[in-house]
Amino acid sequence: MLSDFPIHATAAAMDLERARRWYADTLGLVPEREDPGGVWYQFAGGTWLYLYATPSAGTAQNTIAGWTVTDIETVMADLRGRGVTFEDYDMGELRTVDGLADFGMAKAAWFKDSEGNTYELSEVMST
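The rules behind each value
- Residues numbered from 1 in each chain as written.
- Predicted model: local features only at pLDDT ≥ 70, side-chain atom pairs only at ≥ 80, totals over all residues.
- Heavy atoms only, no water.
- Pairing = 2+ DSSP bridges.
- Helix = DSSP H or I, 4+ residues; strand = E, 2+ residues; numbered from the N terminus.
- Axes fitted to C-alpha atoms, helices over the stretch in contact; angles between N-to-C directions.
- Contact = heavy atoms within 4.5 Å.

Student: In this structure, what is going on with the sheet that holds strand E1 (residues 9-13)? I would like to understand it.
Tutor: The pairing of strands in a sheet happens through backbone hydrogen bonds and is either parallel or antiparallel. Sheet architecture is open: 4 strands sit in the order E1-E4-E3-E2, paired in mixed fashion. Every other strand in the sheet has two partners, leaving E1 and strand E2 (33-35) as the edge strands with one partner each. Between one strand axis and the next, the sheet turns through 20 degrees on average, direction left out of account. Where E2 meets strand E3 (residues 38-43), 3 bridges bridge the pair, whose relative direction is antiparallel. From the neighbouring strand, aspartate 35 faces E3, where its bridge partner is glycine 38.

Printed below as a string of structure tokens:
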């Protein structure tokens, strides 16, 4: 049943105003709507990211959400120009070069927001 519905991501912020400024200044994102607990960002395909305040922000050690993009290197260059720093990893089969992992059939890159949340960019290569 749940496969019939869109899914959204939720991101925690220790300081909601700081995070909101970072999302606007660094990612160029403006909230579509607000509620007493946080702000909602809308994306393609009717998907959403909810950013909310909580003292437990920044404790997740995993990727919390990601975007499937085309021409990942161009997207990365644009985000770098806005101040995004991409993570570098060397964990066996997962190894990045200049922030980009190339798996042959897909490429991926990860970055952290102002609150320590990790996001992924991915591009699936056409066959």
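Student: Help me understand the sheet that holds strand E5 (residues 63-68) in this model?
Tutor: The sheet built from 4 strands is open, its strands ordered E5-E10-E9-E8 with mixed pairing. In this open sheet, the two strands that pair with only one neighbour each are E5 and strand E8 (101-102). As paired strands, E8 and strand E9 (residues 106-112) are joined by 2 bridges and run antiparallel to one another. When the sheet's bridge partners are listed, alanine 101 is paired in E9 with alanine 108. Helix H2 (residues 72-81) rests against E9 and strand E10 (118-124) of the sheet, and its axis sits at about 150 degrees to E10.

Just distances and angles here, no functional claims.
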